[in-house]
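Chain and residue survey
Next come the chains, spelled out residue by residue.
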Amino acid sequence: MARVVAQRRPWLWLASAIVFVACAALAVAIWRNPNIDHRIVARYQFAPAILHGLVVTVVLALLSAVIGTTLGVAFALMRLSRSAVLRGFAAFYAWLFRGTPLLVQILFWGNLALLFQTLGPFRTNDVMTPFVASVVALGLNEGAYMSEIVRAGISAVDRGQYDAAQALGMSHALAMRRIVLPQALAVIVPPAGNQFISLLKATSLVSVIAGGDLLTAAENISSANLRTIELMLVATFWYLVLTTLTSLGQHLLEKRLARAGAGIHAAD
Amino acid sequence: MSEPAAAPMLRVAGVHKRFRRDEVLKGIDLDVAAGEVLCLIGPSGSGKSTLLRCVNHLESIDDGHIWVDGQLIGYRDAGDRLVELPEREICRQRAAIGMVFQHFNLFAHLTVLENVIEAPVAVRRVPRGEAVRLARELIGRVGLAEKADAYPARLSGGQQQRVAIARALAMQPKLLLFDEPTSALDPELVGEVLEVMRALADDGMTMVVVTHEMAFAREVGDRVAFIDGGAIVEEGSSSEVLVAPRHERTRAFLARFVGTR
């Protein structure tokens, strides 16, 4: 009986070997690096100040995501409206908030008191605490990106679905809520998941206005003990935990939507 | 209901429709009596589908009147002007007029049963149990009882169109509009849909059918109207128009169908 011999792939083996050796060398270099004190990393990994920063980061991201999604849906609907004024305003909003650096937006909201000393009956600095300024900045920015994602999702739903809903006597709002948006969801979730991962990492930018997030907490400690790299490693670990959990959740959600929407992407 | 028996279920009078510069309907007059089946035939782009979409106000009109069961559709007559009705009123009018589309347009995220109960529950506020009972009966009537829990994408085109008919019937419409209901179907699936439509006609449903199925128009249609260039060229009983057309344009159009059925 003849033996089956698969095609030889020497270059594939060589490339794999190079990548493996490079990764191993890098890991050893970091692990054995005399400038990294692993006891410091271990001591601060679960320190109360760090964990508090972690909680702030999670709350910031969740609040901004809720605000961003709400604004995103509202602006996407405006973008598709009959009124040129609403369409124009929604386009302007997306243009402004996607076209300027998030860092600038955060600094703007954090320093709003320089522009308006009072907001109605309140002093600006009492209302716009660093945390509130962070939520406002991240939420408005997120809304601009979400509006584009939601708009693309709605546009992906066949026009005939809306016609059929209208022909059955549904109002615009009802047709959107019961027929169009549920189907748009399958298209919206994957990019929205990526957007949320970006948002989780973008929360670190609020450290410039002392937003109290994870990176702010790590920087506060490292500016006292000068262990910059160690505390960045502490923060890095937590960011990776958060983004990994998010990816997992996104994956599960997509699987669920694929099942419920068996009709949308039929795969027999 | 107290109207005299002669009052038409659908009356279209002097309807004009423009898309920007393009006049697609140039003064259409039509009457359809209760229980009657009117077939609209004509070349593509002649305005048949647009006329149908005006009847349930999916398209606005630029001039003229459309009445369904004595009610002016889409507008309020304010002497010299026609004022478009508020959304609520338009929705109420549409709920009583069923429509079946060329591409079925079943709600892709809902099962067959959910498609059929959606409008009765969400629009009419029929209790769910009652809506499900009616839906099962209608799905059975179009021969798909065992597919009630399937998603549309699992069904053949012919099955999808039969569900779409059941979905329209669930609103208990006074008038059913069909926009080329078999044009998107594989030839071997056309028969099953026409079968269901024939049964509806026999039950006395008032129907306006845009179609290229001349055999269906001849057998099921009480009357046929031939539309070309946004105007009705010829209208009459189906035998008159299809067998002995008076107009040259009608004859030329029908000549293309000779031998197809």
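Fair warning: this is a prediction, and the values are worked out from it, not measured in the lab. (Residues numbered from 1 in each chain as written. Chains lettered and ligands numbered in written order. Predicted model: local features only at pLDDT ≥ 70, side-chain atom pairs only at ≥ 80, totals over all residues. Heavy atoms only, no water.)

**Here we look at the overall build of chain A**
The number of helices and strands found in chain A is 11 helices and 2 strands. In chain A, the order of α-helices and β-strands from amino to carboxyl end is α-α-α-α-α-β-β-α-α-α-α-α-α. For chain A, the C-alpha radius of gyration of 24 Å lies well beyond 18 Å, the compact-globule estimate for 268 residues. By principal-axis analysis of the C-alpha atoms, chain A measures approximately 85 × 70 × 30 Å. Looking at the 268 residues of chain A, the share that counts as buried comes to 41%. Residue pairs in contact within chain A that sit at least 24 positions apart in sequence constitute 74% of those at least 6 positions apart. (Helix = DSSP H or I, 4+ residues; strand = E, 2+ residues; numbered from the N terminus. Rg over C-alpha atoms; globule rule 2.2 N^0.38 Å. Buried < 20%, exposed > 50% of the residue type's maximum accessible area, 1.4 Å probe, protein only. Contact = heavy atoms within 4.5 Å.)

**A closer look at the overall build of chain B**
Assigned secondary structure in chain B consists of 9 helices and 12 strands. Expected size for 261 residues packed as a compact globule is a radius of gyration near 18 Å; at 18 Å, chain B falls within 12% of this value. Oriented by its inertia axes, the alpha-carbon framework of chain B measures out at about 50 × 50 × 40 Å. Each of the 261 residues in chain B was classed as buried or not, and the buried ones make up 54%. Sequence separation of 24 or more characterises 64% of the internal contacts of chain B that already satisfy a separation of 6 or more. Element-wise, carbon and sulfur atoms account for 47% of the exposed surface of chain B, whose accessible area totals about 11700 Å². (Areas by Shrake-Rupley, 256 points an atom, 1.4 Å probe, with all protein chains shown as cover.)

**Points about the layout of surface pockets**
Quantified by volume, the largest pocket comes out at close to 970 Å³. Lining the largest pocket are 29 residues, and of these A:Arg82, A:Arg159, A:Tyr162, A:Gln166 and A:His172 lie nearest its centre. Of all the secondary structure elements, the ones that give two or more residues to the lining of the largest pocket are helix H7 (130-156), helix H8 (159-167) and helix H9 (172-202) of chain A together with strand S1 (10-19) and helix H2 (87-95) of chain B. For the lining of the largest pocket, the per-class residue count stands at 13 nonpolar, 6 polar and 10 charged. (1 Å grid on protein atoms, 1.4 Å probe; cavity = no way out; pocket = protein on both sides within 12 Å on 5 of 7 lines; lining within 4 Å. Points joined across faces, edges and corners; volume = space filled by probe spheres on them. Nonpolar A, V, L, I, M, F, W, Y, C, P; charged D, E, K, R; others polar.)

**Comments concerning helix H3 (residues 112-122) of chain B**
Of all 11 residues in H3(B), 9 are buried; the element is thus mostly enclosed. The complete set of buried residues in H3(B) reads B:Val112, B:Leu113, B:Asn115, B:Val116, B:Ile117, B:Glu118, B:Ala119, B:Pro120 and B:Ala122. Buried residues belonging to H3(B) abut H9 of chain A together with helix H4 (128-141) and helix H5 (157-169) of chain B.

**Observations concerning the interface of chain B and chain A**
Taken together, the contact between chain B and chain A spans 24 residues of the former and 25 residues of the latter. On the chain B side of the contact with chain A, B:Phe107, B:His109 and B:Arg154 bury the most area, a combined 25% of that side's loss. Applying the counting rule to chain B against chain A returns 2 salt bridges. Here A:Arg178 makes a salt bridge to B:Glu118, at a shortest N to O gap of 2.7 Å. Where chain B meets chain A, there are 7 residue pairs in polar contact (both at pLDDT 80 or more). (Buried area = accessible area lost by both parts, 1.4 Å probe. Salt bridge = Lys/Arg side-chain N within 4 Å of Asp/Glu carboxyl O. Polar contact = N/O pair within 3.5 Å; in protein donor to acceptor, adjacent residues only side chain to side chain.)

**A short note on the sheet that holds strand S2 (residues 22-32) of chain B**
All names here are of chain B. Here we have 4 strands laid out as an open sheet, ordered S2-S1-S4-S5, and antiparallel in their pairing. This sheet does not close on itself; its edge strands, each paired only once, are S2 and strand S5 (71-72). Both strand S4 (residues 63-68) and S5 contribute to a ladder of 2 bridges, which runs antiparallel. Residue pairing across strands places Val-68 opposite Gln-71, the latter belonging to S5. Packed on one face of the sheet, helix H1 (residues 48-55) meets S1, S2 and S4 and runs near 65° to S2. (Pairing = 2+ DSSP bridges. Axes fitted to C-alpha atoms, helices over the stretch in contact; angles between N-to-C directions.)

**Things to note about the packing of helix H3 (residues 48-79) of chain A against H7(A)**
Angle between the axes and distance between the axes: these two values describe a pair of packed helices. All names here are of chain A. It is the contact of H3 with H7, at a shortest axis distance of 5 Å, that shows an interaxial angle of 45°. In terms of axis orientation, H3 runs oblique to H7. Considering only the axes of H3 and H7, their crossing is right-handed. Class assignment for the residues of the contact of H3 with H7 results in 18 nonpolar, 8 polar and 4 charged. (Parallel < 35°, antiparallel > 145°, perpendicular 65-115°, else oblique. Left-handed = near helix turned anticlockwise from the far one by under 90°.)

**Quick notes on the confidence of the model for chain B**
In low-pLDDT regions, the fine details of the predicted coordinates are not to be read closely. Residues of chain B with pLDDT of at least 70 account for 96%, and the chain-wide mean is 92. Our summary of model confidence lists the complex with pTM equal to 0.83 and ipTM equal to 0.92. (pLDDT = per-residue confidence, 0-100.)

**Looking at the environment of A:Asp213**
Residue and element names in this part refer to chain A. Mapped onto the elements, Asp-213 comes out in the loop between H9 and helix H10 (214-225). Spatially, the C-alpha atom of Asp-213 lies 4.8 Å from that of Thr-57, the residues being 156 residues apart in sequence. Contacts of Asp-213, omitting those with residues within four sequence positions, involve Gly-53, Val-56, Thr-57, Leu-60, Thr-203, Ser-204, Val-206, Ser-207 and Tyr-239. Among the polar contacts made by the side chain of Asp-213, one reaches the side chain of Thr-216 at a distance of 2.3 Å.

**Re a nonpolar patch on the surface**
Taken together, A:Phe89, A:Phe92, A:Trp95 and A:Leu96 make up a surface patch of nonpolar side chains, about 450 Å² in accessible area. Secondary-structure assignment places A:Trp95 in helix H4 (residues 84-99). (Patch = residues over 30% accessible without salt bridge, like charges linked within 9 Å, V, L, I, M, F, W, Y side chains within 5 Å.)

**Some words on the packing of aromatic side chains**
All names here are of chain A. Under the definition given, this model contains 9 aromatic pairs over all chains. On the basis of an interplanar angle of 35° and a centroid distance of 5.8 Å, the ring pair of Phe-92 and Trp-95 is categorised as tilted. You can see Phe-92 and its partner Trp-95 sitting in helix H4, 3 residues apart, about one turn around the helix. Judged by its relative accessible area of 44%, Phe-92 falls in the partly exposed class. On the basis of relative accessibility, which here comes to 60%, the residue Trp-95 falls in the exposed class. Arranged with centres 5.2 Å apart and planes meeting at 80°, the rings of Phe-108 and Trp-109 form a pair that is edge-to-face. (Phe/Tyr/Trp six-rings, centres within 6.5 Å; stacked < 30°, edge-to-face > 60°.)

**A short note on the sheet that holds strand S3 (residues 37-41) of chain B**
All names here are of chain B. Taken together, the 6 strands give an open sheet; going across it, the order is S8-S9-S10-S3-S11-S12, and neighbouring strands pair in mixed fashion. Each end of this open sheet is capped by a strand with a single partner; those strands are strand S8 (97-100) and strand S12 (231-237). On average, adjacent strands in this sheet sit at an angle of 15° to one another, irrespective of strand direction. Taken together, the 4 bridges between S3 and strand S11 (residues 223-228) define a ladder with parallel strand orientation. From the neighbouring strand, Cys-39 faces S11, where its bridge partner is Val-224. Its contacts with the sheet place H1 against S3, S8, strand S9 (175-179), strand S10 (206-210) and S11, and it is angled at close to 150° to S9.

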